[in-house]
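Chain by chain, the residues run as shown.
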Amino acid sequence: MTTWYRRMAPRAMHETHRVSTPLELFFDLCFVVAVSQAAGQLHHALGGDHLGVGVLHYVMVFFAVWWAWMNFSWFASAYDTDDGVYRVTTLVQITGVLILAAGIPRVFTDDDWRIMIAGYVVMRLAMVAQWLRAAQSDPERRRCALRYAGGIFAVQILWVLWPLLPMWLFVPFGLLEVAIPVWAERVAQTTWHPHHITERYGLFTLIVLGESVLAATTATQAALDSGHGVGDLVALAAGGLVIVFGMWWLYFDRPAHYLLTSLRTSIFWGYGHYAVFAAAAAVGAGLAEAVQAHDHIGWAIAAPVAVYVLSLWVLQVRPRKEYLVDATHLAAVVLILLTPLTPWPVPATAVVVVVLVVVSVVLGQRSILERPERSAL
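Residues numbered from 1 in each chain as written. Predicted model: local features only at pLDDT ≥ 70, side-chain atom pairs only at ≥ 80, totals over all residues. Heavy atoms only, no water.

### Structural notes on the environment of V128
Residue placement: V128 occurs in helix α4 (residues 114–137). Among the residues examined, V128 registers a relative accessible area of 8% and is labelled buried. Between the alpha carbons of V128 and G151 there is a distance of 8.9 Å; along the sequence they are 23 residues apart. Once you skip the residues sitting within four places of it in the chain, V128 turns out to touch A149, I152 and F153. (Helix = DSSP H or I, 4+ residues; strand = E, 2+ residues; numbered from the N terminus. Buried < 20%, exposed > 50% of the residue type's maximum accessible area, 1.4 Å probe, protein only. Contact = heavy atoms within 4.5 Å.)

### Focus: the packing of helix α5 (residues 142–161) against helix α6 (residues 170–185)
When two helices pack together, their arrangement is captured by the angle between the axes and the distance separating the axes. For the pair α5 and α6, the least separation of the axes is 8 Å and the interaxial angle reads 175 degrees. When the axes of α5 and α6 are compared, the pair comes out roughly antiparallel. For the pair formed by α5 and α6, the contact residues are C144, R147, Y148, G151, I152, V155, Q156, L158 and W159 on the first element and F170, F173, G174, L176, E177, I180, P181, W183, A184 and E185 on the second. Here the residues of the contact of α5 with α6 are counted per class, giving 13 nonpolar, three polar and three charged. (Axes fitted to C-alpha atoms, helices over the stretch in contact; angles between N-to-C directions. Parallel < 35°, antiparallel > 145°, perpendicular 65-115°, else oblique. Nonpolar A, V, L, I, M, F, W, Y, C, P; charged D, E, K, R; others polar.)

### A word on the layout of surface pockets
Size it by volume and the largest pocket reaches roughly 280 Å³. For the largest pocket, the lining is made up of 17 residues, of which L42, V55, Y58, A282 and P304 are closest to its centre. Of all the secondary-structure elements, those providing two or more residues to the lining of the largest pocket are α1 (22–46), α2 (51–79), α9 (263–292) and α10 (298–317). For the lining of the largest pocket, the element with the most residues is α9, which contributes seven residues. For the lining of the largest pocket, the residue count by class is 16 nonpolar, one polar and no charged. (1 Å grid on protein atoms, 1.4 Å probe; cavity = no way out; pocket = protein on both sides within 12 Å on 5 of 7 lines; lining within 4 Å. Points joined across faces, edges and corners; volume = space filled by probe spheres on them.)

### As for the side chain of T89
For T89, the position within the fold is in helix α3 (residues 84–110). Classification of T89 as buried rests on a relative accessible area of 13%. When near neighbours in sequence (up to four residues on either side) are disregarded, T89 contacts A126, A129 and Q130.

### So, unusual backbone geometry
One non-glycine residue, D82, lies in positive phi territory at about 55 degrees. Residue position: D82 is located in the loop between α2 and α3. The phi torsion at D111 lies on the positive side, around 55 degrees, for a residue other than glycine. Relative to the helices and strands, D111 resides in the loop between α3 and α4. Accessibility expressed as a relative area gives 40% for D111, which makes it partly exposed.

### Overview of the pattern of salt bridges
The tally for this structure, following the rule as stated, stands at 13 salt bridges. Put simply, D112 and R114 hold a salt bridge, and the shortest N to O gap is 3.0 Å. Classification of D112 by relative accessible area gives buried; the value is 13%. Accessibility expressed as a relative area gives 59% for R114, which makes it exposed. (Salt bridge = Lys/Arg side-chain N within 4 Å of Asp/Glu carboxyl O.)

### A few points about the packing of aromatic side chains
Throughout the structure, instances matching the rule amount to 33 aromatic pairs. Consider the rings of W74 and Y201, whose centres lie 6.4 Å apart with planes at 85 degrees: the pair is edge-to-face. Remark: Y201 occurs in helix α7 (residues 194–226) and W74 occurs in helix α2; sequence separation between them is 127 residues. You can call Y201 buried: its relative accessible area is 0%. For the pair Y79 and W131, a centre-to-centre distance of 6.0 Å together with 80 degrees between the ring planes defines the contact as edge-to-face. Of this pair, Y79 sits in helix α2 while W131 sits in helix α4; the two residues are 52 residues apart in sequence, bridging distant segments of the chain. (Phe/Tyr/Trp six-rings, centres within 6.5 Å; stacked < 30°, edge-to-face > 60°.)

So, in structure tokens, the structure goes:
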């Protein structure tokens, strides 16, 4: 039975059996709506006359989705009490992401950010309430919690004013958002759980990869119903599926919790996932456009796949200092970017990804055999 209120004491950083809660899974599920809206609008932009603006809007919209999700996930890792007040506050945040998702199409079609900003501010103000509650219950980290609450609230005022201001101010306002955790954690580090955090990121990776599968499947079904170009569609669909399978394998090849050894490395790892998530969702948009246009438009798929592979190399491969694996990943990025020059870029990209997976597994296993201590990681 759920208790309505309990003290929001910090959770232990090395708590055993720390896994995602049903509320966190529900939170992620609702974020699927926003990810789907962003990827769907990018798909339309890829086939339209305003590609540059569409890509810019996608980058900006996805920032809002990613940042709100990330902030809640790290807070929940440290302070999830699972009482009634916490649940209601989290449900308010979910309401905010649904409002945000409803406003995404207006951003792409009319450059109207008002509804999306309203949803974002709802999420962030609910986060302020969570931090104020943590400040009240955790004296040791009160200054840290108050910095979070005050910083988030101040930046929301800027976002409310932003539609009346020049568009380029998005950059400094966004930098202020990402600076808040760095500033707050300097006075006292919150007790986030490394295993829990990496599990949460892995779950969101599954969400964005699933969005790619859904987008490609829906587009393939529509194209097959039209009865044209079945052979090309089979090649596109098969190549796209192999690419997504390979992306999944590369991300989950080895556990990542041991990489979160300090606040600095953890923030870098967490922030760097913006590129991982955005690129993975963009692959679905590229596949959907390729299928709908009956065209192997390689750049729309190769570019996000290359960004995805490069991001994984920076965040999860390079820190292991396995130099042959490093070289393989970097070579794969170059080859993927060259696939649009081939007659069949999507299958070519799939081949590169498969080879990268195979080589990474073989070289990674060799490294573990040569350095047995890695087998415990």
